[in-house]
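Below are the chains, spelled out letter by letter.
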Amino acid sequence: MALRLALRNVRRQASVYAIYFVTVITTVALMFAINNVLFSDGLWAYAYDAEYTRESLTWIIVPVMIAVVAIVCFIVCYATSYLLRNRRREFGTYMLMGMDRRRVVSVFVLENVIAGAASFVAGCLLGVGVFYAMNALVCALMSNGMPPLSMRPAGVWATVGEWVGIFAVAITLAAFSLSRSKLGDLVAAREKSRRMPRFPRAEMTVSVVMVAVIVLLCAYVCVVMHNILLVWSATFGLMFFVFSSVGVAFIGLLVAIVFLHLGLRGAWLQRIRRGERRKGSARKRKPPTAPAPADAARPPLPAPAALYRDRAYSRGEMFACREMSSSMDRSAVVMSAVALLMTLAVLLVVFSFSVYHVMLTDVRGPFDVWGTWVIVPENADERPSDSTPERAVDEARARTHVDDAIVFGFYGADEPLDSELGLYVAAESDMNKVLDMVGEPRVDVGENGFFILNSYCYSYYYADSGETVPLYDYDEHIAEGETRVLYGSELRFAGSRKIDREVMEDIVDWGTRDLRSVIVAPDDVIDEDYLYTRNLRMKCGYLSDEYTSLFETVYHSGGYEIANSPLVNNYGSVDDLNTRFSVLIVSCVFLGLTFMLMSMALLSLKVMSDAASERKRYEVLASLGVPPDESRRLLFRGIAALTGLPLIVPALMAIPAVVICSFVSECVLGYVSAVPFIVGAAVPAVYALLYACYFAATCRLASRAVLPPPRRGFVLLADPPASGREEKRDERDTQRKTRK
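Residues numbered from 1 in each chain as written. Predicted model: local features only at pLDDT ≥ 70, side-chain atom pairs only at ≥ 80, totals over all residues. Heavy atoms only, no water.

Caption draft 1: Just the overall build of the protein chain, in detail. Of regular secondary structure, the protein chain possesses 24 helices and 13 strands. Counting across all 740 residues of the protein chain, residues that qualify as buried make up 44%. Contacts in the protein chain between residues far apart in sequence, at least 24 positions, make up 83% of those at least 6 positions apart. For the protein chain, the accessible surface area stands at approximately 38,300 Å², while carbon and sulfur atoms represent 61% of it. (Helix = DSSP H or I, 4+ residues; strand = E, 2+ residues; numbered from the N terminus. Buried < 20%, exposed > 50% of the residue type's maximum accessible area, 1.4 Å probe, protein only. Contact = heavy atoms within 4.5 Å. Areas by Shrake-Rupley, 256 points an atom, 1.4 Å probe, with all protein chains shown as cover.)

Caption draft 2: Seen up close, the side chain of Ser 354. Relative to the helices and strands, Ser 354 resides in helix H13 (residues 316–364). Of the residues examined, Ser 354 reaches a relative accessible area of 1% and is grouped as buried. In this view, Ser 354 contacts Cys 661, Pro 676 and Val 679; residues no more than four positions away in its chain are not counted.

Caption draft 3: Local environment of the pairing of strand S2 (residues 402–412). Examined bridge by bridge, S2 and strand S10 (residues 531–540) share nine bridges and lie antiparallel to one another. Each residue of the ladder has a partner; that of Val 402, found in S10, is Cys 540. The pairing of S2 with strand S3 (residues 424–427) spans two bridges and is antiparallel. Note that in S3 the partner of Gly 412 across the bridge is Tyr 424. (Pairing = 2+ DSSP bridges.)

Caption draft 4: Local environment of the packing of aromatic side chains. Tallying each qualifying case throughout the model produces eleven aromatic pairs. The interplanar angle of 70° and the centroid separation of 5.8 Å between the aromatic rings of Tyr 547 and Phe 551 together place this pair among those described as edge-to-face. On the accessibility criterion, Tyr 547 (1% relative accessible area) is buried. For Phe 551, a relative accessible area of 0% puts it in the buried group. (Phe/Tyr/Trp six-rings, centres within 6.5 Å; stacked < 30°, edge-to-face > 60°.)

Caption draft 5: Spatial organisation of empty space enclosed by the protein. Using the criterion set out here, one finds one cavity of 30 Å³ or more in the structure. Lining the largest cavity are Met 600, Leu 603, Ser 604, Thr 643, Tyr 691, Tyr 694, Phe 695 and Thr 698. Contributing elements (two or more residues each) for the lining of the largest cavity: helix H19 (570–609) and helix H23 (675–706). Taken together, the residues of the lining of the largest cavity break down into five nonpolar, three polar and no charged. (1 Å grid on protein atoms, 1.4 Å probe; cavity = no way out; pocket = protein on both sides within 12 Å on 5 of 7 lines; lining within 4 Å. Points joined across faces, edges and corners; volume = space filled by probe spheres on them. Nonpolar A, V, L, I, M, F, W, Y, C, P; charged D, E, K, R; others polar.)

Caption draft 6: Region of the structure containing the environment of Ala 426. As for its placement among the helices and strands, Ala 426 is situated in strand S3. Accessibility expressed as a relative area gives 1% for Ala 426, which makes it buried. In this structure, the C-alpha to C-alpha distance between Ala 426 and Ile 526, residues 100 residues apart in sequence, is 7.9 Å. Filtering out sequence-adjacent residues up to four positions away, Ala 426 remains in contact with Gly 409, Phe 410, Met 431, Val 518, Ile 519, Val 520, Ala 521 and Ile 526.

Caption draft 7: Seen up close, unusual backbone geometry. In the segment running from Glu 415 into Pro 416, the intervening peptide bond is cis, with an omega of 5°. Among the structural elements, Pro 416 can be located in the loop between S2 and helix H15 (417–420). With phi around 60°, Glu 476 is a residue other than glycine that occupies positive phi space. Note on placement: Glu 476 falls in the loop between strand S6 (467–472) and strand S7 (483–486).

Caption draft 8: Structural detail: the nonpolar core. Residues Met 134, Val 138, Trp 163, Phe 590 and Tyr 687 are the most contacted members of the largest nonpolar core, which totals 97 residues. When residues of this core are assigned to their parent elements, the largest contribution, 15 residues, is made by H19. (Core = buried A, V, L, I, M, F, W, Y, C linked by side-chain atoms within 4.5 Å.)

Caption draft 9: Focus on the state of the cysteines. Applying the stated rule across the entire model yields zero disulfides. No disulfide involves Cys 222; its sulfur sits 6.6 Å from that of Cys 218, the nearest cysteine. On the basis of relative accessible area, Cys 222 is assigned to the buried category, the value being 13%. (Disulfide = S-S within 2.5 Å.)

Caption draft 10: How the structure looks around the sheet that holds S2. Reading across the sheet, the nine strands line up as S7-S8-S4-S9-S3-S2-S10-S1-S13 and stay open at both edges, with mixed pairing between neighbours. Looking at the sheet topology across the chains shown, the edges are occupied by S7 and strand S13 (567–569). For this sheet, the mean inter-axis angle between neighbouring strands, taken without regard to orientation, is 30°. Of the strand pairs in this sheet, strand S4 (residues 449–454) and strand S9 (residues 518–521) are connected by three bridges, and their pairing is antiparallel. Across the sheet, the residue bridging to Ile 452 is Ile 519, located in S9. Taken strand by strand, helix H14 (residues 389–399) contacts strand S1 (369–374), S2, S10 and S13, and its axis lies near 15° from that of S10. (Axes fitted to C-alpha atoms, helices over the stretch in contact; angles between N-to-C directions.)

Caption draft 11: Region of interest: the side chain of Ser 673. The residue Ser 673 is located in the loop between helix H22 (654–669) and H23 in this model. Excluding anything up to four places from it in sequence, Ser 673 contacts His 357 and Ser 665.

Caption draft 12: Representation of helix H21 (residues 628–652) within the structure. For H21, with 25 residues, the first-to-last C-alpha span of 36 Å sits near the 36 Å given by 1.5 Å per residue. Of all the bends in H21, the greatest reaches close to 30° and is centred on Gly 644; the proline Pro 646 follows between one and four positions later. Taken residue by residue, H21 has Ser 631, Leu 634, Leu 635, Gly 638, Ile 639, Ala 641, Leu 642, Thr 643, Pro 646, Val 649 and Pro 650 as its buried positions. (Expected span 1.5 Å × (residues − 1). Bend = angle between axes of the 7 residues up to and from the residue.)

Caption draft 13: Structural context of the pairing of S3. The alternating pattern of S3 places Tyr 424 and Ala 426 on one face and Val 425 and Ala 427 on the opposite face, and all of these are buried. Two strands pair when backbone bridges link them, and S3 and S9 are joined in this way by four bridges, in the parallel orientation. When the sheet's bridge partners are listed, Ala 426 is paired in S9 with Val 520.

Caption draft 14: Layout of the environment of Asn 36. Its place among the elements puts Asn 36 in helix H2 (residues 18–38). Its relative accessible area of 0% is what places Asn 36 among the buried residues. Placed 119 residues apart in sequence, Asn 36 and Gly 155 show a C-alpha to C-alpha distance of 4.4 Å. If we ignore the near neighbours within four places in the chain, the residues touching Asn 36 are Phe 131, Ser 150, Met 151, Arg 152, Gly 155 and Val 156. A polar atom in the side chain of Asn 36 sits 3.1 Å from the backbone nitrogen of Arg 152. (Polar contact = N/O pair within 3.5 Å; in protein donor to acceptor, adjacent residues only side chain to side chain.)

Caption draft 15: The arrangement of the packing of H21 against H22 in detail. Axis separation between H21 and H22 bottoms out at 4 Å; the angle between their running directions is 10°. In terms of orientation, H21 and H22 fall into the roughly parallel class. Counting all contacts with H21, which are made through Pro 650, Ala 651 and Leu 652, the residues of H22 involved are Ala 654, Ile 655 and Pro 656. Here the contact of H21 with H22 is composed, by residue class, of six nonpolar, no polar and no charged. (Parallel < 35°, antiparallel > 145°, perpendicular 65-115°, else oblique.)

Caption draft 16: Broad picture of the pattern of salt bridges. Summed over the entire model, instances satisfying the criterion amount to seven salt bridges. Asp 436 serves as the salt-bridge partner of Arg 442, at 2.8 Å between the closest nitrogen and oxygen. For Asp 436, a relative accessible area of 39% translates into the label partly exposed. Among the salt bridges present, the one from Arg 580 reaches Asp 576, with a minimum N-O distance of 3.2 Å. Within this pair, Arg 580 and its partner Asp 576 are both found in helix H19, separated by four residues, close to a single helical turn. Salt bridges sharing partners connect three or more residues here, namely Arg 391, Glu 395 and Arg 399. (Salt bridge = Lys/Arg side-chain N within 4 Å of Asp/Glu carboxyl O.)

Here is the structure:
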């Protein structure tokens, strides 16, 4: 009996359950997809240390998932209470007909179990498609030919466990509320009284102050991040102060957003008061005016019906303002929650994509593979004879495309120049090729000359002046034109050029010597007997770690086998970075979409929960002669204000996020990338597009639930039907009033 009644009610109340179905289906789909991505083993295999990476990221992901489950639980509880509030009279009628309260509660629980199970199954089916969409995003981020991820039983069971917990809490709270409700309240379906804001001017002042606080806090965070990234020298005390102050500022920003939307309750009431002061109150009598001359032409008076109807139309703005003022008072908390969720959604996605691009650009560098073969004669028997730079290039060509490759050597200087400078020596032609690959200007040593590429080894911080000074390998003690002897040839010093340390780190291997600067000498002067290292720099396609292992040399030291490879495959670092950021980006996208869907569900449920009381007010407007188009415009205006205001602050928060990401780009890359600006413009636009779809659906449902059908027959204050007799009567009445 109860099951049959619950099934019938679910079928009959399909339109009421529409928002509930959409909210649960989309939430379950996102949770199903993210759980299967995070539990997949194929993604973690590309990290340097899979276990450590997984464990470290778990400490970030688990609290985030707990927070998401809590937020989803709140939304589902709100949706369940909305369903209960809409059907209180029906449940009260069941009790009046003799049904036991426990049986009524069981019917309500069965209805929600049926609706929840159906929406969960549909959400899992949709989640398969969302999983493959996230799978495509992960494969695009990895960009190494990684096979698609597969769904894991652990991900499915995690989704089932999360949803069962959420659903159990929502059903328990709703059933407890229904069991404690009085029969009279259920039958009467009493609504809470609406109150207008008591202190609208003070609330408006609070909103203005909160806007100023939000601007100041955003400016403070941007200034602090600019200084810590580009100006100040990082110390432990300074970093502690920066992180603590930025954290406090962020919390203050969230609090200011809440109070901003709470203060908006008095905005429409202030608008009403300004309108009444500008137009004059209807209750106040107009001051007497001087009598017009007897021969003055007087305009004809309008018909009484049209006069009262126009007054009713002119008060439509007043109706909208009063309606929005009471709606703001009831929805201020919901709007604050929506603004907070959307702010976090925008910030998470903008920061994740922008920082990922900056870090990936920095890790990639100018070379994909580089290697250094140290020429040590005493270890020649331990080094494979086929481990050469030329073989490394051939093996790379057999596996992928090679865009550019150069093999060159670094030489040790002879005495006394080696004791004076202690720098590498490189041939002019080889060094110019390498400089071309890293995008630096070429070197011209001239005839019988030498040139020094000077790089700083470390920076020294002067505590007294607070200035950081770089210390270079070469102290520029040789004057231009002086001569030095290198390999028995007398060379003239052609000058030096300071070059960035990061560029020299790509050219000179740190493991061979502690100094980065290089002496560039003519090709015909170089002596092969002083060859110190043979080097490979290559730009190519993706290469796995198997390629690097081909050139490993195994040494035995202290009973251990130590594998050493002269090659460094940059794609290993790229894979490790992509693994970490793939998890973070997918999690941030999941959070952003979840927060956005929860925000839209909150607003839609809020609008639909007020539909019954709103319908009575719009019926009064229809009886006063307000046309349906005007009523529809007033309704859409109210919904647009309620749903659009919480989006303004989150959309504007993309601006400080982009500014901070540009500071990070300048600090890491040395220039401001355009990607943060593109991401900062695209993310709010995508959210606004999805929000517009949800807004259109909400307006459609609200118009069907709130607006009364067109009236037929007599309507108060409407124009009377036109006829010749009535027109003559109206003309005689007008003439009589004019004579009087």
